[in-house]
Amino acid sequence: MQQIIDRFISYVTIDTESDSSSETTPSTVKQWDLAHKLVEELKTIGLQDVTIDDKAYIMATLPSNVEQEVPTIGFISHFDTTPDFTGANVKPQIIPNYDGKDIVLNADQNIILSPTYFKDLLQYKGQTLITTDGTTLLGADDKAGITEIVTAMEFLINNPDIKHGKIRVGFTPDEEIGRGAHHFDVEKFGCDWAYTMDGSQIGELEYENFNAAGAKITFKGKSVHPGYAKGKMINSMLIVNDFINELPKGETPQETKGYQGFFHVHHLTGSIEETVLELIIRDHNKKKFEKRKELIAKISQKFNKKFAKQFGEDIVIAEVKDQYYNMKEKVVPVKHIVDIAEKAMKELGIKPVIKPIRGGTDGCQLSYKGLPCPNIFAGGHNFHGKYEYVPVESMQKAVEVIVRIAELTAKGDFIKKEVKSKIK
Ligand SMILES: [Zn+2]
């Protein structure tokens, strides 16, 4: 346990916040600080072929210790943290034997992590929690994942009696700004399949995620002196208001869950002459996803028609771009990779929580690049903010899941069954 705590703290105290406005990879120079440290650590624990490329993508190998042919599997996590909340000067607090009561994160600023608001806390009574000091995020997303992978590899190296095939480790920058998989060299990684260790609470196992698109919609207007504006002024901000009202009611992030998709208006800047509305579109179902994009086009057309005479040209210009797709399509044909993870958890007494991700992961992009890649819990809660915390016991369990997946893959039961069913 102490080893996990020490390792985790050595990572989260290095600031690796990414920056979506940057065009370089990694998006921030400071991500190199942790990247270089990880390379050294992977070499020290005894992994082979430890490489880091010019974009800070790290890969390493644990060679097979069995005679027979075994699929090569990979474990992946990201070392950047979200730009949504500061990740500088993280001062982790360790709460041993959590008593189920309020945790004072910061007495000066009266910041409390309370189980009355965050009910999940109660399932960790008696466990050791790592929290923030209330002024930063923690970075369990996804330095918990890195901690678990490094610890599992070290465990396998120190326990050669545990049989496994070739295992690859991959650490990426810039996942939080959606670019973690962009420069990931799937061919070089050379795995039959992989898992991202980037989920939240213990037991999470995910292979379905949103189809995602982003829309930037520009509304034009005409400014005229308000005293003499009748029939002349076109106020683009008011058109946006009408536009938003045309979107289906109740289909926002705060009103949906499970497989329900949504439109999410996340940014708006405006003046009379021009207003820009940015929204994202999310749906697990491919058909419904396409329908949502069509709706944006339809509403835009409606406004263009309405103002055609008065404005003379298109008053609404909608640019819609696909961002990522549901990995389910790529994972279901090789479903045994999910089954192995599920079996590993059950054998360790962990209840698998299989549910659709309401977001995307590096794994969904990798799945479309030819590396099927479900997501497994890393143990943290309340990502991207000051209430983020992680139970050390959950990280310990994640280490065990990695080890067990390696063992089960070497046994090959699932592969045979899969091949058998294909032969039938
Ligand atoms: Zn993450």
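Analysis parameters
- Residues numbered from 1 in each chain as written.
- Predicted model: local features only at pLDDT ≥ 70, side-chain atom pairs only at ≥ 80, totals over all residues.
- Helix = DSSP H or I, 4+ residues; strand = E, 2+ residues; numbered from the N terminus.
- Domains from an automatic or database assignment.
- Contact = placed C-beta atoms within 7 Å.
- Nonpolar A, V, L, I, M, F, W, Y, C, P; charged D, E, K, R; others polar.
- Axes fitted to C-alpha atoms, helices over the stretch in contact; angles between N-to-C directions.
- Parallel < 35°, antiparallel > 145°, perpendicular 65-115°, else oblique.
- Left-handed = near helix turned anticlockwise from the far one by under 90°.
- UniProt positions renumbered as here; feature names shortened; annotations may be inferred.
- Buried ≥ 20, exposed ≤ 12 C-beta atoms within 10 Å, placed from the backbone.
- Pairing = 2+ DSSP bridges.

**Description of unusual backbone geometry**
- In the segment running from Thr 25 into Pro 26, the intervening peptide bond is cis, with an omega of -5°.
- Put simply, Asp 141 and Asp 142 share a cis peptide bond, and its omega is 10°.
- Topologically, Asp 142 is positioned in helix H3 (residues 140-158).
- We note that Asn 97 has phi near 50°; this positive angle belongs to a residue other than glycine.
- Along the chain, Asn 97 falls in the loop between strand E4 (93-95) and strand E5 (103-106).

**Thoughts on the domain arrangement of the protein**
- Each assigned domain of the protein is listed with its residue range as follows: domain 1 (2-208 + 327-423) and domain 2 (211-323).
- The C-alpha centroid of domain 2 is placed 37 Å from the C-alpha centroid of domain 1.
- Taken together, the contact pairs 4 residues of domain 1 with 5 residues of domain 2.
- Partitioned by chemical class, the residues of the side of domain 1 that touches domain 2 number 1 nonpolar, 2 polar and 1 charged.

**A word on the packing of helix H2 (residues 31-45) against H3**
- Contact pair H2 / H3: the axes reach a minimum separation of 10 Å and the direction vectors enclose 20°. The orientation of H2 relative to H3 falls into the category roughly parallel. Here the hand of the crossing between H2 and H3 comes out right-handed. Between H2 and H3, the residues in contact are Leu 38, Glu 41 and Ile 45 and Ile 146, Val 150, Met 153, Glu 154 and Ile 157, respectively.
- Tallied by class, residues from the contact of H2 with H3 come to 6 nonpolar, no polar and 2 charged.

**Here's the deal with the UniProt feature "binding site: Zn(2+) 2" (unreviewed entry) in the protein**
- Sites flagged by UniProt as "binding site: Zn(2+) 2" (unreviewed entry) map to Asp 141, Glu 176 and His 384. What stands out for the annotated residues spanning 244 residues is how close their C-alpha atoms remain, the widest pair being 9.7 Å apart.
- Inspection of the secondary structure assignment puts Asp 141 in helix H3.
- Given 26 C-beta atoms within 10 Å, Asp 141 falls into the buried group.
- Excluding its chain neighbours within four sequence positions, the residues that come into contact with Asp 141 are Thr 81, Gly 380, Phe 383 and His 384.
- Tracing the sequence through the fold places Glu 176 in the loop between strand E8 (167-172) and helix H4 (186-189).
- Since 24 C-beta atoms lie within 10 Å of it, Glu 176 is described here as buried.

**Side note on the sheet that holds strand E17 (residues 389-391)**
- Taken together, 3 strands build an open sheet; the order of strands is E4-E7-E17 and the sheet is antiparallel. Each edge of the sheet is formed by a strand with only one pairing partner; in this case those strands are E4 and E17. Averaged over all pairs of adjacent strands, the angle between their axes in this sheet comes to 20°, without regard to strand direction.
- Of the pairings in the sheet, the one linking E4 to strand E7 (residues 129-131) comprises 3 bridges and is antiparallel in character. Bridged to Ile 95 within E7 is Leu 129.
- This element, helix H11 (residues 392-411), spans E7 and E17 of the sheet and lies at about 60° to E17.

**Regarding the UniProt feature "binding site: Zn(2+) 1" (unreviewed entry) in the protein**
- Here the UniProt-annotated "binding site: Zn(2+) 1" (unreviewed entry) positions come out as His 78, Asp 141 and Asp 198. For this annotated set, covering 121 residues, all C-alpha atoms fall within 8.1 Å of each other, a compact arrangement in space.
- Structurally, the position occupied by His 78 is in strand E3 (residues 73-78).
- We classify His 78 as buried; it has 28 C-beta atoms within 10 Å.
- The contacts of His 78, once residues within four sequence positions are left out, are Asp 142, Thr 172, Pro 173, Glu 175, Gly 180, Asp 198 and Asp 362.
- Along the polypeptide, Asp 198 turns up in strand E9 (residues 193-199).
- Since 27 C-beta atoms lie within 10 Å of it, Asp 198 is described here as buried.
- Not counting residues within four places of it along the chain, the set of residues in contact with Asp 198 comprises Ser 77, His 78, Asp 142, Gly 145, Thr 361, Asp 362, Asn 375 and Ala 378.

**Points about the sheet that holds strand E12 (residues 262-270)**
- Across the sheet, 4 strands lie side by side as E12-E13-E11-E14; this open sheet has antiparallel pairing. Two strands in the sheet have a free side with no partner beyond their single neighbour: E12 and strand E14 (316-324). This sheet shows a mean twist of 15° between the axes of neighbouring strands, independent of strand direction.
- Set on the sheet, helix H5 (residues 236-246) makes contact with strand E11 (211-220), E12 and strand E13 (274-283); between it and E13 the angle comes to about 20°.
- Contacting E11, E12, E13 and E14, helix H6 (residues 286-306) runs over the sheet at an angle of about 165° to E14.

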